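Chain by chain, the residues:
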2 protein chains.
Amino acid sequence: MSKQINQSLREWMDIFMHRSMRGWSQYAKSTGLSMPQFSILMQLHHKGPCGMSQISERFDISNAAASQLAEKLVQSEYIERAEDPNDRRAKVLQLTFKGKDLINAGVEERYRWLDELVKKLSADEKSKVHEGLSILTEVARKMENSNQ
Amino acid sequence: MSKQINQSLREWMDIFMHRSMRGWSQYAKSTGLSMPQFSILMQLHHKGPCGMSQISERFDISNAAASQLAEKLVQSEYIERAEDPNDRRAKVLQLTFKGKDLINAGVEERYRWLDELVKKLSADEKSKVHEGLSILTEVARKMENSNQ
DNA sequence: CTTTTTAGTTAAGCGGGCTTAACTTTATGA
DNA sequence: TCATAAAGTTAAGCCCGCTTAACTAAAAAG
């Protein structure tokens, strides 16, 4: 049994990860942004506003590199860089509307692929998939939160 | 019902994609390879041996760029570049043992995270997850194959 | 059997990401 | 309060990926 579930998780991961990584990098390319720049937008989308140092930690680059990347994103109006009211040394980075639109369009594209999948399922299959995924998602979320 | 399943697919995608993309890019970095180089290894891992032109098509870069990237991977012994016996203009790129090891280690790392997840599930939950994922994987595989 | 097309390589040059080093400004602590 | 640490910025310089252009060699087409 434990063998079986591991097997199905692995197959699923191989297919889905490859597919979606390809999708994201193609989308990033189509926007004209480099992967590092695009990844910062994704990070802000996923985790919300943060400071410059969180970016450099998250991507394991120097503060200088983070600052330069952020500068470009500010120039192209995908993010906003404001002074942190609690610490005037620090900055708060967050997506502008333009930035949010860009990411959301990418997310939608990915969703569309999922929708195609769902269309091919019977009602019974849908409910089984739903059940399985809900379980997985919930436990994954718990793990993410407890790990930090 | 269709609403529900879409919802669960989306939540799941948001969490898992973010997590695994972060994992892969950190792993790529830890190997000392650039993302473009690493992606070529992933592609060969996923789809098997192929020619230079398939690489340039897949990543939407020029033949020249593909050739240069491949050259570096050959130099560092992650791939092998041989003449195609059926067409002496063409080359066949494939992973060496060293290249396979590198990718497999990354895959294993990702699997380990999944295993952590599975540990937190009850027997009943495991079987439900297994059932749902098997359905999804199968339909996804069919779609991949029919799309090309 | 020539002509054209296809697969790949090589070199020059551009632009981007990253690092280190030097600097400014603000917060913290002895 | 004065020294030190922390958050960001800026500039110089390196490496890398990518493109275009010029090329070789082999296959396909006429």
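Small disclaimer: the values here were computed from a predicted structure and weren't measured.

Definitions and limits used
Residues numbered from 1 in each chain as written. Chains lettered and ligands numbered in written order. Predicted model: local features only at pLDDT ≥ 70, side-chain atom pairs only at ≥ 80, totals over all residues. Helix = DSSP H or I, 4+ residues; strand = E, 2+ residues; numbered from the N terminus. Axes fitted to C-alpha atoms, helices over the stretch in contact; angles between N-to-C directions. Parallel < 35°, antiparallel > 145°, perpendicular 65-115°, else oblique. Contact = placed C-beta atoms within 7 Å. Nonpolar A, V, L, I, M, F, W, Y, C, P; charged D, E, K, R; others polar. Near = placed C-beta within 6 Å. Buried ≥ 20, exposed ≤ 12 C-beta atoms within 10 Å, placed from the backbone. Least-squares fit on C-alpha atoms with pLDDT ≥ 70 in both. Left-handed = near helix turned anticlockwise from the far one by under 90°.

> For this particular structure, what's the right way to read unusual backbone geometry?
Only a minority of non-glycine residues have a phi that is not negative, and only a minority of peptide bonds are not trans. Residues and elements named next belong to chain B. Phi is positive for D60, close to 55°, though the residue is something other than glycine. With respect to the element layout, D60 can be found in the loop between α3 (52-59) and α4 (63-75). The backbone of E77 shows a phi angle near 65°, a positive value even though the residue is not glycine. Within the secondary structure, E77 sits in the loop between α4 and β1 (79-84).

> Could you clarify how one ought to interpret the packing of helix α2 (residues 35-47) of chain A against helix α4 (residues 63-75) of chain A in this entry?
The geometry of a pair of packed helices is captured by two quantities: the angle between their axes and the separation between those axes. Residue and element names in this part refer to chain A. Taken N-terminus to C-terminus, the directions of α2 and α4 make an angle of 80°; their axes are 10 Å apart at the nearest point. One element, α2, and the other, α4, form an angle in the roughly perpendicular class. Contacts between α2 and α4 involve P36, Q37 and I40 from the former and L69, K72 and L73 from the latter. For the contact of α2 with α4, the class distribution of residues is 4 nonpolar, 1 polar and 1 charged.

> Just to check I follow, could you spell out the protein's contact with DNA strand D for this structure?
The environment of DNA strand D is formed by 26 residues, the closest being A:G51, A:M52, A:A64, B:S34 and B:A64. Sorting the residues of the surface near DNA strand D by element identifies α3 (52-59) and α4 of chain A together with α2 (35-47), α4 and β2 (87-95) of chain B as the ones contributing at least two each. Of the residues contributing to the surface near DNA strand D, the split by class is 9 nonpolar, 9 polar and 8 charged.

> What's the story with the interface of chain B and chain A in this structure? I'm lost.
Every contact between the two is made by 48 residues of chain B and, on the other side, 48 residues of chain A. Looking at the side of chain B that touches chain A, the elements that each hand over two or more residues are α1 (2-31), α2, α5 (97-119) and α6 (123-146) of chain B. Looking at the side of chain B that touches chain A, the element that brings in the most residues is α6(B), giving 18 residues. Residue composition of the side of chain B that touches chain A, by class: 24 nonpolar, 11 polar and 13 charged.

> So what exactly am I meant to see when it comes to the environment of A:A28 here?
All names here are of chain A. Mapped onto the secondary structure, A28 falls in helix α1 (residues 2-31). Its 20 C-beta neighbours within 10 Å are what place A28 among the buried residues. Apart from the residues lying within four places of it in its own chain, the contact partners of A28 are L33, M35 and F38.

> When you look at the relation of the copies chain B and chain A in this model, what are you seeing that I'm missing?
Note that the two copies of the chain are related through a rotation about an axis and a translation along the same axis. If you rotate chain B by 180° and push it 0.0 Å along the axis, it lands on chain A with an RMSD of 0.1 Å. Such a turn and shift between the copies fits a two-fold axis. Within chain B, the C-alpha atom positioned nearest to the axis of rotation is that of B:G132, 2.5 Å from it. Most of the interface of chain B is mirrored in chain A: 100% of its interface residues are interface residues there too.

> What is the right way to look at the protein's contact with DNA strand C in this model?
DNA strand C sits among 26 residues. The nearest are A:S34, A:A64, B:S53, B:A64 and B:S67. Contributing elements (two or more residues each) for the surface near DNA strand C: α2 and α4 of chain A together with α3, α4 and β2 of chain B. In terms of residues, the surface near DNA strand C owes the most to one element, α4(B), which gives 6 residues. For the surface near DNA strand C, a count of residues per class yields 9 nonpolar, 9 polar and 8 charged.

> What should I look at first to understand the packing of α3(B) against α4(B) in this one?
All names here are of chain B. Packing of α3 against α4 leaves a shortest axis separation of 8 Å and a crossing angle of 110°. The orientation of α3 with respect to α4, classified from their angle, is roughly perpendicular. Along this stretch, α3 crosses α4, giving a crossing that reads as right-handed. Between α3 and α4, the contacting residues are M52, S53, I55 and S56 on the first element and N63, A65, A66, S67 and A70 on the second. When its residues are assigned to classes, the contact of α3 with α4 shows 5 nonpolar, 4 polar and no charged.

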